[in-house]
Amino acid sequence: MQKRNLFFLMAMGYIMASCSGSEKKETVSENPILPKITNQKKPWTRWWWMGSAVDSINIKQNLIDLQKVGIGGVEIAPIYGVKGEEENFIDYLSPKWMDMLSYTTKVADSLGMQVDLTLGTGWPYGGPQVTPEHAATKLITQKYTVEKGSTFSKEIKIENPKERQPANLNYVLAYGENGAYHDLTSELNNNKISWEAQDDNYTIYAVFTGKTGQQVKRAAPGAKGFTLDHYSTEALKSYVKPFDDAFTGFDGKIRSIFNDSYEVYGTDFTPKFFEAFEKNRGYDLKPHLPLLLSEEDTEKGNRVKSDYRETLSDLLLEFNQSWTQWAHDNNFESRLQAHGSPGNLIDLYASADIPECETFGSMPYDIPGLRREKEDIREGDADPVMLKFSSSAAHISGKPLTSSETFTWLRDHFKVALSQCKPEVEDLFLNGINHVFLHGTTYSPKRAAWPGWKFYASVNFNPNLAIGEDENQLFSYIANCQALLQEGQPDNETLLYWPIYDVWNTQLKSSLFFQFKIHSLEEWLHHEPFYKTTKSLMEKGYATDFISDNFIEKAKVENGKIKLPGGTYKSLVVPTCKYMPLETLQKLITLKKEGASIIFENLPQSVPGFNDFEEENSKMQQLLVDEKEAVQPSKDLFSDLNNAEVFPETLVETGLKFIRRDNAGQKIYYLVNHTSKTIDQFIPVNSNSENIALIDPKTNAFGKAETKVENGKTRVRVNIKPGDALFLRTGIDSNTDSWEYFETAGNSVAVNGEWKISFLKGGPELPESETISELQSWTSLSEKAEAFSGTAQYEIQFENPDASVKNWQLHLGDVRESAKVYVNGNYLGTLWSNPFEINIASLTEGTNTLRIEVTNLSANRIRAKEMRGEEWKNFYEINMVNKDYQKFDATLWNPMPSGLLGPITLTPLKAIKNQ
């Protein structure tokens, strides 16, 4: 079967890409099935300003180019510069820089775009305003032993020659073998001490506040300096002072400020940590310091480590909350990547207005024809469970948008195809992301020779590259998806408790200091029962969000449902966990007594942390006895969910992936087929509506689906080929035109004959035209063709195989990489992703002309450029590296197959009337 063809869409007057790939025109849609495309629904891009060497003419042209291909907004990210452009560098936050920022916001506004801003340059936060006092800090300890009866006489100073940063001595603490403890700090005189160990053998620790010395990574001109202490609100207040000054009288409009992933290395301390620890944990850490520093896996040691890690999390959360408040005070929103931090990811993500995750590398898919050459990829780590931390935080806290840094290192430079982007972004959508930020686009002036200025971490979606020819198709797809995925509210019915204390309360292999990195999921996520339960629920078709202890405390019960700041849920599942705060357990029991469905897979065994833990454990065990009926472990999780009227979407049994939203009672389903098989059947949905629309997000074609009711459940007829996706929308007008279904009506016919190939645009120069009888990569035609990146036209004349056929499906086979299709001079659409096929309707009786404009990638052109010895990698800092962070050398590549490889076939289709 086949979906509605593009002519229906054109007749309806919705957004279409023109045959030239030029700017898409927007019309205000009053049709309730298709929402209007606004700038927030379009993809945005990180926009690197190299050396901030920007000017008004090129800013305007860059923004116009981005707007034409469908970009809704930019995030300005100033970074290191281009060699030879030093006289054009503009110091960060200087009056001239602020003028350029103001101009950018005004041009963007005139184009219907918006602007976000990194609150700093490079990453992480830091710069010249960060004094050593407020720089990223680490705990330094030195250990000494003193035998009984001996005198410890010493000047205490840093002895490790590798510690080059200044450090302040905070404490000198003595611990006896029999349990004695003495704070010797008062004995110090100009950091010298003389103390006799009268009653025992002692271990003495000197505790220093040290500095990591980390500088801002990839800093822009005028912005080099220390990385900021992210555990100190005092440091934050000092950090934003230059921004307060710079934004005084600022006449531009910034939507949000951004904070990148937590790449603050080795910072495990802050000057006032001990005071914060005692305030938050209820006891003085100093007497128990040996337990904190011990590398032995002991109960008491792990409990102290848990308290230490929780305190860092508390301080980081206070920092982020203050940061968001500063943004609000300046009429900005905040956008935050919390991953990589040592804090509770759910709470940290939720502290921003727009939580943001990221993808890094390439994920595997079973889609036939989707290429994933090992030599071109980094293995990805876009685990769906990890992605859901950011969207869950948005959902439970009531934030309408969840963004993502998208396509970072998807392939090596110049080797990323649009078709390879599509399933990756679909997995983001399926896990709750609805506001994509490309990673990314580099500001590049007209004076920059091809390929222009480039950031080192692929992908670069600059319109001057070959990928830019048809990238508007990908961006239109993203916009169409996000338009529906930003409607209404998330419709996840089940909450899943994240037992973070099971991670904090362990002797981790890495170090005392621990970060929740996306690149180390094996260490903190994959082996946890929480992960197993999450995967089990998702595979069964349950729509879930994660919840933290802090948000459980905020929960209420209304009409038997769990109400949170972001919405209501039917059930909360507590996976098997060892540690749970007593307050959390008490609140869960209260919620259950008030009518909420709280399902325990098993009961917690202990409270976390060290302070009075034995007494607290006694209280917990007594509570579990007293409330035995309320905390009975589940014998069958799925039966208990069914009893709570939480029902799975059994459509997942077909292999389809889904996400569901609710818009005033209408259900919106996003269905994606990443399997190797076509899903061609009636699928069940948890809806009573029989009036359901199918929407193709590639084209926005829509129509009323064929439905039927079996055993009280609505079933919807779909035909979704590998690599394709559909939206379902319930509750539509019953008079909506029907979706057109098609089925194969005969054998495929090969399109053979003489192909005329002419090269239309690209470089370094246009090869001569050719005529071939068998399709092949154009790289085999000539040396010029081997080096060419751009667009070539393939044209062939063929006879109509069967004049009685009203609909033909054209399949292009292997396309490298995107193709505009014309039949008899009429543009029918652009094929840019798997499957590369289109319903071209009927053919003219007799001779027909098929013209296909195929665009490859820029890899061959950059390879040829380097083989000629032409240097283009002229950037400061890291300059340009490959996917493995080694020296970039395109001369090592083989030419990438390019053009139309085929085979080209026509398959007769027969329309099927809805029953």
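Procedures and definitions
Residues numbered from 1 in each chain as written. Predicted model: local features only at pLDDT ≥ 70, side-chain atom pairs only at ≥ 80, totals over all residues. Heavy atoms only, no water. Helix = DSSP H or I, 4+ residues; strand = E, 2+ residues; numbered from the N terminus. Buried < 20%, exposed > 50% of the residue type's maximum accessible area, 1.4 Å probe, protein only. Contact = heavy atoms within 4.5 Å. Areas by Shrake-Rupley, 256 points an atom, 1.4 Å probe, with all protein chains shown as cover. Lys, Arg positive; Asp, Glu negative; His and termini not counted. Charge placed at Lys NZ, Arg CZ, Asp CG, Glu CD. Salt bridge = Lys/Arg side-chain N within 4 Å of Asp/Glu carboxyl O. Core = buried A, V, L, I, M, F, W, Y, C linked by side-chain atoms within 4.5 Å. Pairing = 2+ DSSP bridges. Polar contact = N/O pair within 3.5 Å; in protein donor to acceptor, adjacent residues only side chain to side chain. pLDDT = per-residue confidence, 0-100. Phe/Tyr/Trp six-rings, centres within 6.5 Å; stacked < 30°, edge-to-face > 60°. Lys NZ or Arg CZ within 6 Å of the ring centre and 35° of its normal. Expected span 1.5 Å × (residues − 1). Arc of directions from axis to C-beta. Axes fitted to C-alpha atoms, helices over the stretch in contact; angles between N-to-C directions.

(A) Local environment of the overall build of the chain. If you tally the helices and strands in the chain, you get 21 helices and 45 strands. Residues counted as buried form 63% of the 915 residues belonging to the chain. Of all intrachain contacts in the chain linking residues separated by at least 6 positions in sequence, the fraction that spans at least 24 positions is 80%. For the chain, the exposed area adds up to about 34,900 Å²; of that, 45% sits on carbon and sulfur atoms. With 96 positive and 123 negative side-chain charges, the chain shows a spacing of 3 Å between the two charge centroids.

(B) Up close: the pattern of salt bridges. Summed over all chains, the structure comprises 56 salt bridges. One salt bridge connects Lys784 with Glu765, and the closest N-O pair in it is separated by 3.7 Å. Placement of Lys784 in helix H20 (residues 783–787) and of Glu765 in the loop between strand E35 (755–763) and strand E36 (770–772) is noted, with a sequence separation of 19 residues between them. For Lys784, a relative accessible area of 30% gives the class partly exposed. In this structure, Glu853 and Arg851 form a salt bridge, with 3.1 Å as the shortest nitrogen-oxygen distance. You can call Arg851 buried: its relative accessible area is 19%. Members of the salt-bridge network, linked through shared partners, are Arg46, Glu75, Asp116, Arg255, Asp260, Arg335, Glu356 and Glu405.

(C) Local environment of the nonpolar core. Among the nonpolar cores identified, the biggest contains 212 residues, and Phe389, Tyr456, Trp524, Leu572 and Tyr670 are the most heavily contacted of them. Here the element with the most residues in this core is helix H8 (residues 299–329); it accounts for ten residues. If we skip the residues at most four places from it in the chain, Tyr670 touches Glu426, Phe429, Leu430, Tyr477, Cys481, Leu485, Lys657, Phe658, Ile659, Ala725, Leu726 and Phe727. Counting 33 residues, the second largest nonpolar core, distinct from the first, contains Phe759, Ile796, Val815 and Leu843.

(D) Structural context of the sheet that holds strand E28 (residues 692–696). Spatial ordering of the open sheet is given by E17-E25-E26-E32-E28-E29, a layout of six strands whose pairing is antiparallel. Only two strands of the sheet have a single partner each, and these edge strands are strand E17 (489–490) and strand E29 (701–704).

(E) Region of interest: the pairing of strand E37 (residues 789–799). Buried residues dominate E37, accounting for eight of its eleven residues. Here E35 pairs with E37 via seven bridges, running antiparallel. Note that in E37 the partner of Lys756 across the bridge is Glu795. Of the strand pairs in this sheet, E37 and strand E43 (residues 847–855) are connected by nine bridges, and their pairing is antiparallel. Note that in E43 the partner of Ile796 across the bridge is Leu850.

(F) Molecular detail of the side chain of His413. The topology assignment puts His413 in the loop between strand E15 (403–408) and helix H11 (418–430). Residue His413 is classed as buried on the basis of its relative accessible area, which comes to 3%. Looking at His413, its side chain comes within polar contact range of the main-chain oxygen of Tyr456, at 2.6 Å. At 3.1 Å, the side chain of His413 forms a polar contact with the backbone oxygen of Val881. The contact partners of His413, leaving out residues within four places of it in the chain, are Phe455, Tyr456, Ala457, Ser458, Asn460, Met880, Val881, Phe888 and Trp893.

(G) Layout of the confidence of the model for the chain. The share of residues in the chain with pLDDT of 70 or more is 96%, and the mean pLDDT across the chain is 95. Across residues 1–29 the pLDDT falls below 50, and counting only partners more than four positions away or on other chains, this stretch makes 85 contacts in the model.

(H) Seen up close, the packing of aromatic side chains. A full pass over the atoms with the stated rule returns 59 aromatic pairs. The interplanar angle of 50° and the centroid separation of 5.5 Å between the aromatic rings of Tyr239 and Phe243 together place this pair among those described as tilted. In this structure, Arg335 is placed above the aromatic ring of Phe437, and the distance from its NZ or CZ to the ring centre is 3.7 Å. The ring centre of Trp893 lies 4.1 Å from the NZ or CZ of Lys415, which sits over that ring.

(I) Structural view of helix H15 (residues 529–540). End to end, H15 covers 17 Å across twelve residues, agreeing with the expected 16 Å (1.5 Å per residue, within 8%). Among the residues of H15, Phe530, Tyr531, Thr533, Thr534 and Leu537 are the ones counted as buried. Buried positions in H15, seen along its axis, are confined to an arc of 165° and lie on one side of it. Among the exposed residues of H15, those oriented more than 90 degrees off its buried face are Lys532 and Glu539. Those residues of H15 that are buried are in contact with helix H10 (384–397), strand E18 (494–497), strand E19 (544–547), strand E23 (571–574) and helix H19 (637–643). Just past H15, the residue Gly541 takes up positive phi, approximately 100°.

(J) Spatial organisation of helix H2 (residues 56–68). Counted at 1.5 Å a residue, the expected span for H2 with its 13 residues is 18 Å, and the 18 Å between its end C-alpha atoms agrees. Contact partners of the buried residues in H2: strand E1 (44–50), strand E2 (73–79), helix H3 (95–110) and strand E16 (435–442). The N-cap residue of H2 is Asp55: its side-chain oxygen and the backbone nitrogen of Ile57 are 3.2 Å apart. Following H2 by one or two positions, Gly70 adopts a phi angle in the positive range, close to 105°.

(K) Up close: the environment of Thr141. Mapped onto the elements of the fold, Thr141 is located in strand E5 (residues 137–146). What Thr141 contacts, discounting residues up to four positions off in sequence, is Tyr205, Ala206, Val207 and Leu293.

(L) Structural context of the sheet that holds E35. The antiparallel open sheet is built from six strands, whose spatial order is E36-E35-E37-E43-E40-E41. In this open sheet, the two edge strands, each paired with only one partner strand, are E36 and strand E41 (826–831). Neighbour-to-neighbour, the strand axes of this sheet turn through a mean angle of 25°, independent of strand direction.

(M) Expanded view of unusual backbone geometry. Here Arg816 and Glu817 are connected by a cis peptide whose omega angle stands at 15°. If you trace the backbone, Glu817 turns up in the loop between strand E39 (814–816) and strand E40 (818–823). Backbone torsion omega between Asn834 and Pro835 reads -5°, so that peptide bond is classified as cis. By secondary structure assignment, the location of Pro835 is in the loop between E41 and strand E42 (837–841). For Glu645, which is not glycine, the phi dihedral falls at a positive 60°. Mapped onto the elements, Glu645 comes out in the loop between H19 and strand E25 (657–663).

(N) Quick peek at the pairing of E35. Relative to E36, E35 is paired through three bridges, and the arrangement is antiparallel. Each bridged residue has a counterpart across the sheet, and for Trp755 the counterpart in E36 is Ile772. In textbook terms, the turn of a hairpin is the stretch between consecutive antiparallel strands, and for E35 and E36 this stretch comprises six residues.

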